[in-house]
Each structure stands twice: as structure tokens, then as C-alpha cells.
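# Fold and contact review
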Amino acid sequence: MTIQKTRKQTDKIGHYVITTNRYIIDDETIVSSGGTFELGFFNPSGSSNSYIGIWYKQTLPHVQTVVWVANREKPITNTSAVQLKNDNDPAPGEFTRNIDPTGYPQVLTKHGTGVSARIGPWNGLRWSGSPIPLLECCHFQLIFNEEEVYYTYSLINSSVLTRLVLTSNGYIQRLTWVDRTKRWHIYYNLPADNCDTHSLCGAYGSCDIDNTPTCGCLEKFVAKHPQQWEKGDWSEGCVRRTPLDCNKEHVFLKYSGIKLPDTKCSQYDWTMTLEECRQVCSRNCSCTAYSSLDINNGDKGCLFWFGELIDIRKLSERGQDIRMDSSEQGKNLFKKFPK
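Below is a summary of the structure that appears in this document. Only a predicted model underlies this, so the values are computations on that prediction, with no experimental measurement involved.

## Quick look at the side chain of Gln320
Within the secondary structure layout, Gln320 lies in strand 24 (residues 320-326). Gln320 gets classed as buried once you look at its relative accessible area, which sits at 4%. Within the local environment of Gln320, its side chain forms a polar contact with the side chain of Asn123, the two groups lying 2.7 Å apart. When residues no more than four places from it in sequence are discounted, the contact partners of Gln320 are Asn123, Ser128, Tyr255, Ser256, Gly257, Ile258, Leu260, Ser291, Ser292 and Ile295.

## A look at empty space enclosed by the protein
All told, the structure shown has 4 cavities of 30 Å³ or more when counted by the stated rule. Approximately 100 Å³ is the volume found for the largest cavity. Looking at the largest cavity, the residues that line it are Arg97, Val107, Leu108, Thr109, Ala117, Arg118, Ile119, Gly170, Ile172, Leu190, Pro191 and Asp196. If you list the elements that add at least two residues to the lining of the largest cavity, you get strand 8 (106-111) and strand 9 (114-121). Taken together, the residues of the lining of the largest cavity break down into 7 nonpolar, 2 polar and 3 charged.

## Examining the state of the cysteines
Within the structure shown, the criterion is met by 5 disulfides. In this model, Cys201 is linked to Cys215 through a disulfide, with the two sulfur atoms separated by 1.9 Å. Looking along the S-S bond of the Cys201-Cys215 disulfide, the torsion reads about -80 degrees, which is the left-handed sense. Here Cys215 lies in strand 16 (residues 215-217) and Cys201 lies in the loop between strand 14 (183-190) and strand 15 (205-207), a separation of 14 residues in the sequence. Look at Cys215 and you get buried, because its relative accessible area is 4%. A disulfide bridge connects Cys281 with Cys287, and the sulfur atoms are separated by 1.9 Å.

## Looking at the sheet that holds strand 8
Sheet strands line up and pair through hydrogen bonds in the backbone, either parallel or antiparallel. Pairing in this open sheet of 3 strands is antiparallel, and the strands run 7-8-9 from one edge to the other. Edge positions in the sheet fall to strand 7 (95-100) and strand 9, since each of these pairs with one other strand and no more. The mean angle between the axes of side-by-side strands here comes to 20 degrees, regardless of whether they run parallel or antiparallel. Relative to strand 8, strand 7 is paired through 6 bridges, and the arrangement is antiparallel. Bridge pairing links Asp100 to Gln106 in strand 8.

Rules of the game
Residues numbered from 1 in each chain as written. Predicted model: local features only at pLDDT ≥ 70, side-chain atom pairs only at ≥ 80, totals over all residues. Heavy atoms only, no water. Helix = DSSP H or I, 4+ residues; strand = E, 2+ residues; numbered from the N terminus. Buried < 20%, exposed > 50% of the residue type's maximum accessible area, 1.4 Å probe, protein only. Polar contact = N/O pair within 3.5 Å; in protein donor to acceptor, adjacent residues only side chain to side chain. Contact = heavy atoms within 4.5 Å. 1 Å grid on protein atoms, 1.4 Å probe; cavity = no way out; pocket = protein on both sides within 12 Å on 5 of 7 lines; lining within 4 Å. Points joined across faces, edges and corners; volume = space filled by probe spheres on them. Nonpolar A, V, L, I, M, F, W, Y, C, P; charged D, E, K, R; others polar. Disulfide = S-S within 2.5 Å. Pairing = 2+ DSSP bridges. Axes fitted to C-alpha atoms, helices over the stretch in contact; angles between N-to-C directions.

So, in C-alpha cells, the structure goes:
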């Protein structure tokens, strides 16, 4: 790889520029303009493989924290080397994390092709199931339009060193460097508890880590298979105590303080008010629930769910409200037209 280290002065701040007429070899490195990052070759602990990557320069020399790897799938190898796909091997592992654009975008952690965890859809401030400490370190923003969807974050305090990691066993960790202890400390860890397991309580079930058992049915719902439910098998979830009748008035119950359900089967509108959300959902027999799309500076927009609601959990401090169709309170006033 042909990279040259060239020093350039700009407003009395020196930085390195990458060009294409000199190799970097062995212990040669390139340092970023702010002095935070360093690029060069490295060998993971216990491995004879060589990689080119970027790591934090400001931490201790013996604490090499790599944040990016160029050749993670094609290391420079010794013939006896083995790909371990663990914390000391940057080759792709079994877990991935991505924004799923199906329905309304949400962040998913997958084990192979199956979803293992989900932190909820974007609500204008954060992902609806994200931990409270997440807000204390960074400003977050979702970019979502017809051409692309991604999210970014910027540090509130630029002197803080923090990184987000997907571990080899599927945990999302935000770590911060504490200079006093000279160590990376875990700021938060997801999944944080068993209720972060995707769809643990099945359809129309809600997980509450402070309850025993942790899974319960939403109001107006009962266990689909009571005997299995009592034995701790909640996978089949819950069903309506009274079947939904589209010929009855559409009455919605408000469920507060929850992580919003999986949005794979959802639709959205950026401009509607909550009252308009209710009216639209009332006229569609397939619409099972609705919520505000954006809670930043008041409730704005609509998020509609169609079909079963899954992966709900109780969040005492940061949960949101959702309004779901009740099948037991309506009167025969008007017909709810099928979609």
C-alpha cells in the first residue's frame, strides 16, 4: 500500500496527508491532524496475522484500541495462522448490526439471519429503547430520506474518548476512556437484561424486568396457550380476550412508558397530528396501533402498526406512549372499513 507521510501547515496546526508515492512499513505510522488517531500495521494479541488499521493514539502505548481495519477479511498471514473471529480477530463474526429500512427504520442486532435484539425506532430524540446514559454523552441525528437512511452522533464534550463496539458475542457496548484509571470503562451495555431479547414475550406480550415472571399480556389480552405460559414458555404470546369487531366504534387504549413495538410492519406520516392519526387508524381495520413519530418539541407525525405487535418492554424512565385498538369498549356506531 503506497502511503506517504507529508507534513502540511494550516493555521499553525500540523497534520499528515496521505499520498501515493511511498510505502509505510513495519513500525511506520500516520497520525491524524488532531493527534487522536494513528494509522499503521498491527498484530492482534495472540495472532501472527497483520492488518492495517486505525487506533486511538492518546491511550497508553500497551493499550492499542483499534477502531477501523482495512483488510479484516484478507490479513497478511503466516501459513500457520488461524482465523478465530473473536475479540482478537477482526475478521467478520456471527453478529451484525444495521438499520433495517423495512417499514419505519430501526436498529437491529442479528445473529446470522435472525434478529437477536432491537432498540426500537427513532423518535426524534433517540432510538425509543435506548438507555438513558446514551443521551448524556452525545448528540444523535437520524438522516432519513428517499435516497438513504443513516444516523450520526457527535460528542457533547470533544475531549472525551468514546467508542461503540459490537462484541463477538453480540453485545453493543459504548466505552469511554478514563484517564485516572487508564482503562476503557463500559458506559452502557446492550442487551442490558433479558427483556432486551427480541420478542421474548411474543405477540402482544410486554416484558417488565422488575416483575416475576417478566412477561405479561397487555391489558385486554390473555395468554394464547395458558399452560405453556405458566411454565415460562412465552414465545406464542397473547391474543385478544374479545375478538376485534370492525363494525364497532374504534376505541384506543393508551399504553405508557414502553419501548415501541417492532416496526417491520408499519407505515408513517411526517405531517399528521395525533388526532389525525386516530382518525386514519379508525378507518382501517388492519391498523392495530399508532404513536407519535417525533416527540422532539411536542408530538408530531404518525407511526402506524399493522398486524401483531411484538417486542414490547416496560421502560419506567424513558418509555413512550402507544395507542392500541381495544376490542371491548366500542359501540356499534360506524363501520371500520377494511384496508
